Amino acid sequence: MAVDWAAVYRQTYQDLVRFLHRLVWDADQAQDLAQETFARALGETPDNPRAWLFRVATNLARDEARMHARRKRHLVLIKGEAKARQEGAADPLEAAVRHERQAAVRTALASLSERDRTALLLWDAGLDYHEIATETGLSPGAVGTTLARARRRLVDAYEGLETRHAAH
Amino acid sequence: MPHISDGQIHAYLDRQVEYAESAARRALEAHVAECDECASRLEGARSLRDRAGSLLRHADPGTVTPPPFDAIVDRRGRAAPVPKLPRGFRSLAWAASVVLALAVGMYARPYVFRSAPQGASRTPRDGEAASDRPTQLAQQRVDATEPRRAAPSPGPGRTAPGAVPAEEAAGEAGGAAGAVEQDEVLEDRGRLEGEATLREAPANRQADAGLRDATRARERAAAAPGEVHVETRNAAGAAETQARRAVGAQPESEETAPPVPVIVDGLPVDSVTQVVLEDGRTGVRVVQRLESGAPLELIVRLALAAAQPAPAAVDAPGLRSQAKLRMAGEPASVAAVMFEGYEVTGSAEIPVDSLRMLLGRLRLAPGPN
């Protein structure tokens, strides 16, 4: 059965970018990977297009993370300069707070197991329990338990970071 | 109803299908309404879910404006870049190319730089015949060319040079693959000789006769020092060569091999014979008849060095001493010229200028074909 990828694109693009951003932590790269995911989807006829997109996007982000690890030092230098210019135009205090929160969430997410993190991000991106079960290998009945644990650990990790930061 | 689990609570909060409008949902809501503990846990889970969701909003990329879908289609239409090999693989590819080239060169070297086969006794080994054949054939072509160049017009009663036995021809050609062409060479030479006694005679008889002839020639040379004894087909050198072949000695070098006959164009040829010269080299003696009926004798031998003077007639008393012929009547004139890599000494009872003119009409004797 042919897939109306244009319709899927309109419904899913922003969720996919948000999901990818929490994997690669770079807005431009997240959009680039999302577009690449849709470009690869054209011509494919998966049974569940939305779940297929997130699976491909996860693999692309994983590959990107491997390459990113090889060129990390170079990217840090360039992005640091770019971020300084961008933030210079906005409210510096607000930008600093946003950046700090994002870094804390990133750290908190990194403290989760990969399965818990994936399930949480997929849920937040809009996938239902059955789709999450398919992508993570969990049983549908275990998805709720997994999400409960992931949410708890995320909140606890974040609040622990806030507490340590306030103590300093 | 037992207390509900965290997973059921979160599934309820997340409004999954099985809890949306089902009996399970109604049962859970009824339990929470009666169970303060589960009601408290439900509120705690709701708060947790909202808190987690709000934290994840901090990780949003900001405003995302999707590009037109056509841009995605165009991106799909762009040709995928050719994947490049990693740096290590590229280095390995270079190394593999170099190793392959060296290996091919090493294995091809024996075939490219193979020298000509030496000696008549060499026979190709198994599996070697095919690769050796081009070289052998090339050598045979060289060998087959010389006797054709050397061959004078065959005729009855005419003596041909090169009483070459079969073993010598086989030694020049080398290898079993050239047997057919060797036979052709021998046939040519046999026709030129007009008689095939040497080929037909047993090897031991040839050896005995050759040794006897060589001994006789040496005795004559000792009796008349400074003179070269001209022999006909049974000349001492040829006989000695034949004898050496028969007893398995090494063949004589190319320098001492009999040269092809050279004649003066337009004069009838009386005889062509192989002779051994004073320096030990083998030559060819050609006797032609002048218009006056007087004989013209030519001694033809290979030039010693390639860088000989340009062809020019030279009075050669020195040469005469080297190639003094024992023939009826001493020649009045002797002259020598270089021709086609051969040293040709002519002698006749005519003025030297006339002799030089005659030597200017030298040509290679036509072959039988």
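Residues numbered from 1 in each chain as written. Chains lettered and ligands numbered in written order. Predicted model: local features only at pLDDT ≥ 70, side-chain atom pairs only at ≥ 80, totals over all residues. Heavy atoms only, no water.

Caption draft 1: Expanded view of the overall build of chain B. In terms of regular secondary structure, chain B is built from 14 helices and 8 strands. For chain B, restricting intrachain contacts to residue pairs at least 6 apart in sequence, the fraction spanning at least 24 positions comes to 60%. Of the roughly 20400 Å² of accessible surface on chain B, 56% is carried by carbon and sulfur atoms. (Helix = DSSP H or I, 4+ residues; strand = E, 2+ residues; numbered from the N terminus. Contact = heavy atoms within 4.5 Å. Areas by Shrake-Rupley, 256 points an atom, 1.4 Å probe, with all protein chains shown as cover.)

Caption draft 2: Highlighting the overall build of chain A. A count of helical and extended segments in chain A gives 8 helices and 0 strands. Moving toward the C terminus, one meets the helices and strands of chain A in the order α-α-α-α-α-α-α-α. For chain A, the proportion of its 168 residues judged to be buried stands at 45%. Contacts in chain A between residues far apart in sequence, at least 24 positions, make up 62% of those at least 6 positions apart. Surface summary for chain A: the accessible area is close to 9200 Å², and the carbon and sulfur share equals 50%. (Buried < 20%, exposed > 50% of the residue type's maximum accessible area, 1.4 Å probe, protein only.)

Caption draft 3: Main features of helix α2 (residues 27-41) of chain A. Residues and elements named next belong to chain A. With 15 residues, α2 ought to run about 21 Å at 1.5 Å a step, and its terminal C-alpha atoms sit 21 Å apart, in line with that. For α2, the complete set of buried residues consists of Gln29, Ala30, Gln31, Leu33, Ala34, Gln35, Thr37, Phe38, Ala39 and Ala41. At the exit of α2 stands Gly43, carrying a positive phi of roughly 95°. (Expected span 1.5 Å × (residues − 1).)

Caption draft 4: Main features of the packing of helix α6 (residues 114-125) of chain A against helix α8 (residues 140-167) of chain A. Residues and elements named next belong to chain A. At a minimum axis distance of 9 Å, the contact between α6 and α8 shows a crossing angle of 95°. Compared by their axis directions, α6 and α8 come out roughly perpendicular. Residues Asp116, Ala119, Leu120 and Trp123 of α6 lie in contact with α8, whose contacting residues are Thr146, Leu147, Arg149, Ala150, Arg151, Arg153 and Leu154. When the residues that make up the contact of α6 with α8 are grouped by side-chain class, the tally is 6 nonpolar, 1 polar and 4 charged. (Axes fitted to C-alpha atoms, helices over the stretch in contact; angles between N-to-C directions. Parallel < 35°, antiparallel > 145°, perpendicular 65-115°, else oblique. Nonpolar A, V, L, I, M, F, W, Y, C, P; charged D, E, K, R; others polar.)

Caption draft 5: Summary view of helix α7 (residues 129-136) of chain A. All names here are of chain A. The buried fraction of α7 amounts to 6 of the 8 residues, a majority that puts the element mostly inside the structure. The N-capping residue of α7, defined by a side-chain oxygen 3.1 Å from the backbone nitrogen of His130, is Asp128. Backbone geometry just after α7 places Gly137 at a positive phi near 85°. (Polar contact = N/O pair within 3.5 Å; in protein donor to acceptor, adjacent residues only side chain to side chain.)

Caption draft 6: How the structure looks around the interface of chain A and chain B. On the chain B side, the residues contacting the 40 residues of chain A number 27 residues. Counting each side, the surface lost to burial between chain A and chain B is near 3100 Å², with a carbon and sulfur contribution of 64%. Here chain A is connected to chain B by 8 salt bridges. Connecting chain A to chain B are 16 residue pairs in polar contact (both at pLDDT 80 or more). The set of elements that each furnish at least two residues to the side of chain A that touches chain B consists of α1 (5-24), α2, α5 (92-110), α6 and α8 of chain A. At 11 residues, α8(A) tops the list of elements feeding residues into the side of chain A that touches chain B. (Buried area = accessible area lost by both parts, 1.4 Å probe. Salt bridge = Lys/Arg side-chain N within 4 Å of Asp/Glu carboxyl O.)

Caption draft 7: Representation of the nonpolar core within the structure. By size, the foremost hydrophobic cluster in this structure holds 56 residues, and its most contacted members are Trp5(A), Leu20(A), Phe38(A), Leu109(A), Leu120(A) and Leu154(A). Here the element with the most residues in this core is α1(A); it accounts for 10 residues. Excluding anything up to four places from it in sequence, Leu120(A) contacts Leu109(A), Leu112(A), Leu147(A), Ala150(A), Arg151(A), Leu154(A) and Leu56(B). Val272(B), Val284(B), Ala348(B) and Ala365(B) belong to the second largest nonpolar core, which has 26 residues in total. (Core = buried A, V, L, I, M, F, W, Y, C linked by side-chain atoms within 4.5 Å.)

Caption draft 8: Layout of the packing of aromatic side chains. Residue and element names in this part refer to chain A. Counted according to the given criterion, the structure contains 7 aromatic pairs over all chains. Taking the centre distance of 6.1 Å and the plane angle of 55° together, the rings of Trp5 and Trp52 count as tilted. On the criterion of sequence distance, the pair formed by Trp5 in helix α1 and Trp52 in helix α3 (residues 49-70) is long-range, its members being 47 residues apart. Taken individually, Trp5 and Trp52 each receive the classification buried, so the pair is uniform in this respect. (Phe/Tyr/Trp six-rings, centres within 6.5 Å; stacked < 30°, edge-to-face > 60°.)

Caption draft 9: Unusual backbone geometry, seen in detail. With a phi angle near 60°, Trp25(A) is a residue other than glycine that sits in the positive phi range. When its relative accessible area of 15% is taken as the criterion, Trp25(A) is described as buried. Phi is positive for Arg15(B), which is not a glycine, with a value near 55°. Within the secondary structure, Arg15(B) is located in the loop between α1 (6-13) and α2 (17-20). The class for Arg15(B) is exposed, based on a relative accessible area of 56%.

Caption draft 10: The arrangement of the confidence of the model for chain B in detail. All names here are of chain B. Confidence in the prediction for chain B averages 64 pLDDT; 47% of positions are at 70 or higher. Of all helices and strands in chain B, the one with the weakest mean pLDDT is helix α10 (residues 197-200) (38), whereas helix α4 (residues 36-58) scores best (93). Here residues 116-208 is a poorly scored stretch, pLDDT under 50, and it has 133 contacts once near neighbours within four places are set aside; other chains count. A low-confidence stretch, residues 306-329 stays under pLDDT 50, and its non-local contacts, those more than four residues away or across chains, total 43 contacts. Both confidence scores are given for the complex: pTM 0.44, ipTM 0.82. (pLDDT = per-residue confidence, 0-100.)

Caption draft 11: View of the side chain of Arg22(A). Position of Arg22(A) among the secondary structure elements: in helix α1. Under the relative-accessibility criterion, Arg22(A) is labelled buried at 3%. Polar side-chain contacts of Arg22(A) include one of 2.3 Å to the side chain of Asp60(B). Not counting the four nearest positions on each side in its chain, Arg22(A) is found in contact with Leu121(A), Asp124(A), Leu56(B), Arg57(B), Ala59(B) and Asp60(B).

Caption draft 12: Representation of the side chain of Thr136(A). All names here are of chain A. Secondary-structure assignment places Thr136 in helix α7. By relative accessible area, Thr136 is classed as buried at 14%. Within the local environment of Thr136, its side chain forms a polar contact with the backbone oxygen of Ile132, the two atoms lying 2.6 Å apart. A distance of 3.5 Å separates a polar side-chain atom of Thr136 from the backbone nitrogen of Leu138. Contacts of Thr136, omitting those with residues within four sequence positions, involve Arg115, Thr118, Ala119 and Leu122.

Caption draft 13: Structural view of the pairing of strand β4 (residues 295-302) of chain B. All names here are of chain B. Burial within β4 is extensive, with 6 of its 8 residues counted as buried. As paired strands, strand β3 (residues 282-289) and β4 are joined by 6 bridges and run antiparallel to one another. Its bridge partner being in β4, Val287 is matched across the sheet by Glu297. A loop of 5 residues connects β3 with β4, the two strands running antiparallel in sequence, and Gly293 in this loop sits at a positive phi of about 95°. (Pairing = 2+ DSSP bridges.)

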